[in-house]
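# Per-entry structural report
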Amino acid sequence: MLNPCDKPDVREVTNVTRNFENEPMMEVYIFETTQNLEQLEQVIICSEKNGGFTPDDVSEIFRFMHTIKGSSAMMLFDNIEKVAHVVEDIFYFIREQKPDGLDFSAVSDLVLECVDFIKAEVKKIADLSDADGDPVFLIEQLNTFLDELRNIFGAESNQNKNQKKQQQYYIPQEKKQDLPSTEDWLAQESGMASEGACYHVIVHYDDDCKMENIRAYTLVFGLAEMVEEVYYLPADIADNPQTASYIRENGFEIFFKTEISYEEIKAHFENIIYIDQLLFREIEDHRLDAFRNTPKEAPSIDNFALPDRDLCMPASSPANVIVTEDPQKNNTTATQKMISVNVDKLDNLMNLVGELMITESMVTQCPEVEAIQSENFHKASIELHKITVELQDMVMSIRMVPLSTTFVKMNRIVRDMCKKLNREVVLDLYGEETEVDKNIIEHISDPLMHIIRNAIDHGIESEAERLAKGKDKAGHIVLEAKNVGSDVLIVIKDDGRGLNKERILEKARQNDLLTKPEAEMSDRDIFKLILLPGFSTKENITEFSGRGVGMDVVTKNLDEVGGTVLVDSEVDHGTTITLKIPLTLAIVEGMNIRVGKSRYTIPITTISESFRPDQKDCMMDPDNNEMVMIRGQCYPILRLHQHYQIKNAETDLTKGILIMVEQEEKVICVFADELLGQQQVVVKALPNYVNSMKKILGLAGCTLLPDGSISLIMDISGLTGLRVQ
Amino acid sequence: MEAEVVAALEPEDDQQGMYLTFELDREYYGVWIGYVSEIIGILPFTEVPELPAFVRGIFNLRGQIIPLMDMRLRFQKQFVEYDERSCVIVIEVGNNTVGLIVDSVSEVISFEEADIIQQPMLSSGVSNQFVKSIGKVGNAVKLLLDCDKLLSNQEVEILTNQKDEG
């Protein structure tokens, strides 16, 4: 029971990995996967109710499985990935072949069983125990089903189906609980685990190879799939860079147990690059016991907190964990750190706080109250004001999240894909500090993942091809976020081969996706076709992409936040995908100004300076356009009160203030009565009714000021267009 | 007080013939109660440029930003300053939430089906094109508004220029 050798190797992989994961990523994974599973379940249950899958349902289930597969692969939860992959296969088959008379309930049963399996695994991960569920039987079952589906497609009888369904649904449940039979199966499959031989290897790296600890980590990682158990010294290579120098001096020691032959395992080591010296010897099994016992004092879940990890990081088996787990330490904080809150509730909270602010100022600024001669009262009211302001800041900040977490997640994808596809790609991140609404983050993380995968898989050429084209050996992908006017732009740019218009059109014709005559389509229209569901020009389906699922996730998710996708491409120069997200939910640093009774907010990034002009600097051009001369340069003046016909506003240029704003290299001076101050504002859209009535040039939206009044947010690019040609 | 009446009559099926009536320039109009979300006094509002005169601006109702429509101006009647009887009826029609400024709110009336005259023959005045039907109460009549039409923007472009002239 305690012998870890009985367990399949996959678990060790998971276990080793866990220790190296950074926590926030894990939380996001758990949160997202749980959400995806829930939605998936809903779709299946819904379609079962309706008596069958519509093409939309199939696409949707496919998409969920694809996302789960992708993120699980990223987090190295292989079991989940494998299961999701086979389910995806089945739905791929259904989507492509559209088989008549498919036994929906059998499919549903099967998929739900998989959902349950993954759910259980995710739960385990969330509870910081091992994701040790055995997917083998489930996968086998799924494969059988898929094979049968392929065989009987076109000529199946209902009887056949029913039989099959029972096989799939009932037997596995019994089998799963039937531990001995599972073990038998394992024994057959992988040979008797305990028969493996143990080895001790000391690795010395080349003197100038750098980052020895990372290389050691990759080594252990690559080894994990081949061995039963693995232990190594120093143990904290993943998160302690200092181990690099230790390895440089003393070498990296690995103890492992495997049933792979001596020759094979040796060959594996010899193929690893940068290894200078290799000391390879077989050892007795009991030599590993020293490591095996360690988990008793230090279960893997606590490894993060343990300072005395210098000896060894054991890849403990799940059995060990169960035995050694201290019930009081049963740690579920990982899930508690992040709770999912309905955004509506946050909206309500924000509105309530806004109300509170207004009421607070109404109370404290009421003349009767102000007349109160009590120091205590005034102290208390200052305190009240401070707390309400803090409360508002807090509520605002809850909703706003910088893009960095999402962006950084992409590094991981690029890294993994590069490894598997054997390509070199550099990901550059810009503007990741840009803050966007929580809502938007949730919707762009999947699209980004798919776009980047596609870019690497389809866009970036192989090394040889790149060199032949005279490009840099390594592919480059730029991921950039910026605030532009009333939008947040997220640009994903690769320098790969670009999109092939002809092939896109051809594929679109085949799949009947063309909606208008080809002759009328602009380049952008053609490129947009790749965003349709079921579209892929890649002939081979790879682990990452090529099934045409993915890019439609992009459009779907962006639609939900009211964003758009632009695709630009140039053959051999690369593809640029721009996600345009409306500012509606974003936050801007703004300068509030007053014109008459109205208040306006100008995004601070567009303001170059503000000043009160002298009469002699102001002039008219022959067309009666006002200009102002500053440091020898002439700039046009836009009088807001004139432009928007605001009554009771200052009309004398020398008594108001000019604000010089610049956008897209156009400069204009806006004339207002006075500056009110700088503030972070949450941009809200103008009401539907107003928007549908008229597009007001120069207004991007509106915002609530702390006193409860509304300020209109200016769209500077709209304004500069008014006066500057 | 009226708001309480509205809340009390929440169940949908009972609302069929129920209209909230309000006064505008000595005439009585009704809006179907299902559209009405609340009745409030006039709150400070912000003018929005370039909109037709009858859209007085936008105001903040507990964080929700709502356009304010002056019903007198909407029906091309004489504008009067708002007083303490002036009210805003907040209606929700489809995606649109709009506040209607009226002279005063009177009561909720439940009409029998027979008392509602559909498709009345009326002259084609501005205010009449928004009247869907007429409800009879004793000797008096109430003009029942077509809220969809009230919020549609078909004739807005013609009216947009009026603010410029004023």
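Numbering of residues starts from 1 in each chain and follows the order in which that chain's sequence is written. Here every chain gets a letter starting at A, and every ligand a number starting at 1, in the order they are written. Given that the model is predicted, a residue must reach a pLDDT of at least 70 before its local features are reported, and side-chain atom pairs must reach 80 or more before they are shown or counted; all residues, however, enter totals for whole chains, interfaces and linings.

## Side note on the overall build of chain B
As a reminder, the rule being used: A helix here means a DSSP run of H or I that spans at least four residues, while a strand means a run of E at least two residues long, and both kinds are numbered starting from the N terminus. Residue burial here comes from a neighbour count, namely the number of other C-beta atoms, placed from the backbone, that lie within 10 Å of the residue's own C-beta, with 20 or more meaning buried, 12 or fewer meaning exposed, and in between meaning partly exposed. Note on contacts: each residue gets a C-beta atom placed from the backbone, and two residues are in contact if those atoms are within 7 Å.
In terms of helices and strands, chain B carries four helices and 12 strands. Buried residues in chain B amount to 35% of all 166 residues. A sequence separation of at least 24 residues applies to 56% of the contacts in chain B between residues at least 6 apart.

## Digging into the overall build of chain A
Within chain A one finds 26 helices and 22 strands. The buried share among the 725 residues of chain A stands at 36%. A separation threshold of at least 6 residues defines the contact pool for chain A, and within that pool the share at least 24 residues apart is 72%.

## Focus: the interface of chain A and chain B
Many analyses report the size of an interface as the accessible area lost when the parts associate. Where we set the bar: Any residue outside Ala, Val, Leu, Ile, Met, Phe, Trp, Tyr, Cys, Pro, Asp, Glu, Lys and Arg is labelled polar, Gly included; the first ten of those are nonpolar and the last four are charged.
Listed as interface residues are 22 residues of chain A and, on the opposing side, 21 residues of chain B. With five residues, the top contributor of residues to the side of chain A that touches chain B is helix α25 (residues 688-693) of chain A. Of the residues in the side of chain A that touches chain B, the class split is 11 nonpolar, eight polar and three charged.

## Remarks on the sheet that holds strand β1 (residues 197-205) of chain A
All names here are of chain A. Here is the rule: Strand pairing requires that DSSP identify at least two bridges connecting the strands. Fitted lines through C-alpha atoms give the axes, limited to the stretch in contact for helices. The angle between two N-to-C directions lies from 0 to 180 degrees.
Ordered by their spatial adjacency, four strands build an open sheet running β2-β3-β1-β4, and the pairing between neighbours is antiparallel. The strands lining the two open edges of the sheet, one partner per strand, are β2 (229-233) and β4 (275-283). Between one strand axis and the next, the sheet turns through 20° on average, direction left out of account. Examined bridge by bridge, β1 and β4 share eight bridges and lie antiparallel to one another. Each residue of the ladder has a partner; that of C198, found in β4, is I283. Where helix α9 (residues 212-224) meets the sheet, its contacts fall on β1, β2 and β3 (252-258), and the angle it forms with β2 comes to roughly 170°.

## Side note on the sheet that holds strand β1 (residues 18-24) of chain B
Residues and elements named next belong to chain B. Pairing in this open sheet of six strands is mixed, and the strands run β9-β1-β2-β12-β11-β10 from one edge to the other. Lying at the two open borders of the sheet, with one neighbouring strand each, are β9 (104-110) and β10 (116-118). Strand-to-strand, the axes of this sheet are offset by a mean angle of 30°, without reference to chain direction. Of the pairings in the sheet, the one linking β1 to strand β2 (residues 27-32) comprises six bridges and is antiparallel in character. Bridged to L20 within β2 is V31.

## Let's talk about helix α4 (residues 78-97) of chain A
Residue and element names in this part refer to chain A. Rules: Working rule for helices: expected span equals 1.5 Å times residues minus one.
Between its terminal C-alpha atoms α4 stretches 28 Å, which fits the 28 Å expected from 20 residues at 1.5 Å a residue. Those residues of α4 lying buried are D78, N79, I80, E81, V83, A84, V86, V87, E88, I90, F91 and I94. Trailing α4 by a residue or two, K98 shows a phi angle of about 45°, which is positive.

## Points about the environment of R150 of chain A
Mapped onto the elements, R150 of chain A comes out in helix α6 (residues 136-152). Taking the C-alpha atoms as reference points, R150 of chain A and Q97 of chain A, separated by 53 residues in sequence, lie 9.4 Å from one another.

## What about the nonpolar core?
To keep it simple, the criterion reads: What makes a nonpolar core is a set of buried Ala, Val, Leu, Ile, Met, Phe, Trp, Tyr and Cys residues, with links drawn between C-beta atoms within 7 Å.
Counting 81 residues, the largest nonpolar core has C669 and V670 of chain A together with I89 of chain B as its most contacted members. Those residues in contact with V670 of chain A, other than ones at most four positions away along the chain, are L638, L640, L658, I659, V661 and L719 of chain A. Ranked by size, the runner-up nonpolar core spans 39 residues in total, among them M410, I451, L529 and V554 of chain A.

## Quick word on the confidence of the model for chain B
All names here are of chain B. The following threshold applies: For every residue, the predictor reports its confidence as pLDDT, a number between 0 and 100.
In the predicted model, chain B carries a mean pLDDT of 80, and the fraction of residues at 70 or more is 77%. Here helix α4 (residues 156-165) stands out as the least confident element of chain B, with mean pLDDT 44; strand β7 (residues 87-93) is the most confident, with 93. Scored below 50 in pLDDT, residues 1-11 shows 13 contacts in the model against residues more than four places distant or in partner chains. Confidence drops under a pLDDT of 50 for residues 156-166, and excluding neighbours within four residues, the segment shows nine contacts in the predicted structure. This complex was scored by the predictor with a pTM of 0.46 and an ipTM of 0.79.

## Brief notes about the packing of α4 of chain A against α6 of chain A
Residue and element names in this part refer to chain A. Stated formally: The scheme is simple: roughly parallel for angles under 35 degrees, roughly antiparallel for over 145, roughly perpendicular for 65 to 115, oblique for anything else. Note on convention: the crossing is left-handed when the near helix lies turned anticlockwise from the far helix by less than a right angle, right-handed when the turn is clockwise.
Direction vectors running N to C along α4 and α6 enclose 10°, while the axes themselves pass 9 Å from each other. Considered as vectors, α4 and α6 are oriented roughly parallel to each other. Seen from above, α4 lies across α6 with left-handed handedness. Along the contact surface, α4 presents K82, V83, V86, V87, D89, I90 and F93, while α6 presents L138, I139, L142, N143, F145, L146 and L149. Counted by class, the contact of α4 with α6 contains 11 nonpolar, one polar and two charged residues.

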